[in-house]
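What follows is each chain in one-letter form.
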Amino acid sequence: MAEAPFGARLLVATSDGSHSLYLPAVDEHYHSSHGALLESRHVFIGNGYGEAAALQRNRLRVLEVGFGTGLNALLTWQGSRSARLAVAYVAIEPYPLDDDLVALLNYPEQLAVTRARAMFEAIHRCRWGSERQLDEHFRLQKCHCSFSQFEPQGEYDLVYHDAFSPAVQPEMWTRDVFAKLAGCMSAGAVLVTYCAKGEVRRNLRSVGLEVEKLPGAPGKREMTRARRP
């Protein structure tokens, strides 16, 4: 695996008891320090998955930009299991975590859901580049590549834009990036991100997406949701 460009990744506990990773070299966390689970549930599940599920399609196609710790994938699996909704999940990650670090993450125990640990391990064991049906409702494909190398296959109903912040990864918040995403979103599809910077919202609007500001996760005033008309 390619070495991450941001230096060492340290395991840390966030305020809700769930783990995150911290990058001292760039002073960046993978999740909100106010709660990794709280943030993912609020931004990506509550305001993303829940909104896209309301489209009432036979199968929900999800694209995640920034697989990271696999937390969003695990929570989406939980949602698909509860709703008995078929989900095809594609995740992009250029810098995967080491197995030893993944084994320390406590999300399954925090969820306290039957089979959560087994599913979390299956999500991370899933071979890069191959598509795999992990249970009756959840299908996963992980892409070990940069976003610029990623080639969309069909259209997606939901996009989790979970790259590092614009201060750390400015190249992931440009008009060109959002144009590529908008181009592979289905009609009515939803994109959600924790970031609410004005420039980010302007870039989303400039590619034809309808943009709204929503209340942010604990510790953050706002987040962004965009929709393809």
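In this convention, every chain numbers its residues from 1, walking through the sequence in written order. Given that the model is predicted, a residue must reach a pLDDT of at least 70 before its local features are reported, and side-chain atom pairs must reach 80 or more before they are shown or counted; all residues, however, enter totals for whole chains, interfaces and linings. For the side-chain quantities, the full set of heavy atoms in the structure was used; hydrogens and water were omitted.

Next up on the list: the sheet that holds strand 3 (residues 28-29). Pairing between two strands requires that DSSP report at least two bridges joining them. Helix numbers and strand numbers start at the N terminus; a helix is a DSSP run of H or I with at least 4 residues, a strand a run of E with at least 2. If you walk across this open sheet you meet the three strands as 1-2-3, and the pairing is antiparallel. The open sheet has two free edges, formed respectively by strand 1 (10-13) and strand 3, since each of these has just one partner strand. With four bridges connecting them, strand 1 and strand 2 (residues 19-23) associate as antiparallel partners. Bridge pairing in strand 2 places leucine 10 opposite tyrosine 22.

So, on to the packing of aromatic side chains. Aromatic ring pairs are described here by two measures, namely the spacing of the ring centres and the angle between the planes. Between rings of Phe, Tyr and Trp, where Trp is taken as its six-membered ring, a pair exists when centres lie within 6.5 Å; planes separated by under 30 degrees are stacked, by over 60 edge-to-face, and by other angles tilted. Applying the stated criterion across every chain yields a total of nine aromatic pairs. Ring geometry for phenylalanine 6 and phenylalanine 164: centres 5.2 Å apart, planes at 85 degrees, overall edge-to-face. Remark: phenylalanine 164 occurs in the loop between strand 8 (156-161) and helix 6 (175-183) and phenylalanine 6 occurs in the segment before strand 1; sequence separation between them is 158 residues. There is no split in this pair, since phenylalanine 6 and phenylalanine 164 are both buried. Aromatic ring contacts, followed pair by pair, group Phe44, Tyr89, Phe138 and Tyr160 into a single cluster. A ring has a charge above it when a Lys NZ or an Arg CZ is no more than 6 Å from the ring centre and no more than 35 degrees off the ring normal. The ring centre of tryptophan 128 lies 4.4 Å from the NZ or CZ of lysine 142, which sits over that ring. Above the face of the phenylalanine 147 ring, lysine 180 is positioned so that its terminal group lies 4.6 Å from the ring centre. Each residue is placed in one exposure class: buried if its accessible area under a 1.4 Å probe, protein chains only, is under 20% of its type's maximum, exposed if it is over 50%, and partly exposed if it falls in between.

The next point concerns the sheet that holds strand 4 (residues 59-65). If you trace the eight strands from one edge of the open sheet to the other, you get 6-7-5-4-8-9-11-10, paired in mixed fashion. Every other strand in the sheet has two partners, leaving strand 6 (131-133) and strand 10 (210-215) as the edge strands with one partner each. Going from strand to strand, the sheet's axes swing by 20 degrees on average, the running direction of each strand aside. Here strand 9 (residues 185-193) runs beside strand 11 (residues 222-227); their pairing, made up of four bridges, is antiparallel. Bridge pairing in strand 11 links threonine 193 to threonine 224. Contact definition: two residues touch when any of their heavy atoms are within 4.5 Å. What counts as an axis is a line fitted to C-alpha atoms, over the stretch in contact for a helix, and the angles between N-to-C directions run from 0 to 180 degrees. Taken strand by strand, helix 2 (residues 71-83) contacts strand 4, strand 5 (86-92), strand 7 (138-143) and strand 8, and its axis lies near 175 degrees from that of strand 5. Where helix 5 (residues 116-125) meets the sheet, it contacts strand 6 and strand 7, and its direction lies at approximately 40 degrees from that of strand 7.

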